[in-house]
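Analysis of the macromolecular model
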Amino acid sequence: MPPLTPTVFHILLALADGERHGYAIMKQAEADSDGRVKMGPGTLYGSLKRMLDAGLVEECGPRIDADDERRVYYRIAPAGRAALAAEIQRYRSVAALVGGRALFRVPA
Amino acid sequence: MSRAYAWLLRFYPAAWRRRFGAPMRQAFDDMCRERRREGRPMAGFLAWTFAETAFGAGREQLRSVEMRNLVADPRAALLLALLLALPGALLLSVAWLEIEPLNGLLATAFRGAGLVVLIVPLALLPVALGFSLWPALRRRADWRGALPNLAAACAILLLMAPLLYVAAEEFVNCKVRAISKCD
């Protein structure tokens, strides 16, 4: 499975624990990345379109939220969960490799 | 602001707008509402979001259709024409309004690279003009649908005139009269 872009990775991560609408995905991705991944609607929906086409996420359809706004929710698809698991495994392998070789030492 | 954002979304392909237009506008409204509630500044956020969405519209237009279809679609052709005319418009605005420090940088670049600084943005303008006029020429029976494109073509022509004048003046001074300050 090819590596995921940071945007796709963070969208999948945001959807991993439940269905979310567009703005909630943006906020979760920003929180998960300590503010490093900032998406606007153009980037988010561009990525979501390609992820929908690739079968990584699914549309749950519109819902009326507590604030009376109609929002479209998205959820992670089985292929998306597999891609996310593969990406996390890749990170773990790299972390283990770096740890095993002691490439970076914590200053005393 | 929501209306301006909805207008910007018109630059996305029609099929895209039908599917994602409403959620994108909703996400933008949510972002604005939260920033206002938190009392955070809006200007930088709006500039970034509008630029990001305009870039997204260009990217999706390029992805959705082939080039020959792109220039036939009035909105896509207008977006392309405006992007091509942007360097010329920026150059003229900076020089005309004497926006510093850009004007100083431009003068330095002009002394170093000479006419190239003028010719590159100027050369893009006829291409932009072609893109803006093409939908109206192609759909002569329905040219009213391409009115914004015709307006853009007029603006591009207005932009070309002073740039052509300056380029011609520099060329005559440097090459014909061989004025030494041009060296």
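Here is a short report on the structure shown in this document. (Residues numbered from 1 in each chain as written. Chains lettered and ligands numbered in written order. Predicted model: local features only at pLDDT ≥ 70, side-chain atom pairs only at ≥ 80, totals over all residues. Heavy atoms only, no water.)

Describing the sheet that holds strand 2 (residues 57-64) of chain A
All names here are of chain A. How we decide: One bridge is not enough; two strands pair if DSSP finds at least two bridges between them. Numbered from the N terminus, helices here are DSSP runs of H or I no shorter than four residues, and strands are runs of E no shorter than two.
Taken together, three strands build an open sheet; the order of strands is 1-3-2 and the sheet is antiparallel. What marks the edges here is a single partner per strand, and that holds for strand 1 (20-21) and strand 2. Direction of pairing for strand 1 relative to strand 3 (residues 70-76): antiparallel, over a ladder of two bridges. In the strand pairing of strand 3, histidine 21 is matched with tyrosine 73.

Digging into the nonpolar core
Inclusion rule: Among buried residues, those of type Ala, Val, Leu, Ile, Met, Phe, Trp, Tyr and Cys that are joined through side-chain atoms within 4.5 Å constitute a nonpolar core. Relative accessibility decides the category of a residue: with a 1.4 Å probe and only protein chains considered, values under 20% of the type maximum give buried, values over 50% give exposed, and everything between is partly exposed. By definition in these notes, contact holds between two residues if any of their heavy atoms fall within 4.5 Å.
Ranked by internal contacts, the top residues of the largest apolar core, which has 43 residues, are Leu12, Tyr45 and Tyr74 of chain A. For this core, the element with the highest residue contribution is helix 2 (residues 14-38) of chain B, accounting for seven residues. With residues up to four places along the chain from it excluded, the contact list for leucine 12 of chain A reads Leu4, Met51, Leu56, Val57, Ile76, Gly80, Ala83 and Leu84 of chain A. Grouped together as the second largest cluster of nonpolar side chains are 20 residues, Ala85, Leu92, Met160 and Leu163 of chain B included.

Some remarks on helix 1 (residues 6-15) of chain A
All names here are of chain A. Taken across its ten residues, helix 1 has eight buried, putting it largely inside the fold. If you check which residues of helix 1 are buried, you get Thr7, Val8, Phe9, His10, Ile11, Leu12, Ala14 and Leu15. The secondary structure elements touched by the buried residues of helix 1 are strand 1, helix 2 (22-32), helix 3 (41-53), strand 2, strand 3 and helix 4 (78-101).

A look at the pattern of salt bridges
All names here are of chain A. What counts, and what does not: We count a salt bridge whenever a side-chain nitrogen from Lys or Arg sits within 4 Å of a carboxyl oxygen from Asp or Glu.
The tally for this structure, following the rule as stated, stands at 14 salt bridges over all chains. In this structure, glutamate 87 engages arginine 90 in a salt bridge whose closest nitrogen and oxygen atoms are separated by 2.3 Å. Remark: arginine 90 and glutamate 87 occur in helix 4; sequence separation between them is three residues, near one turn of the helix. According to the relative accessible area criterion, glutamate 87 is buried, its value standing at 3%.

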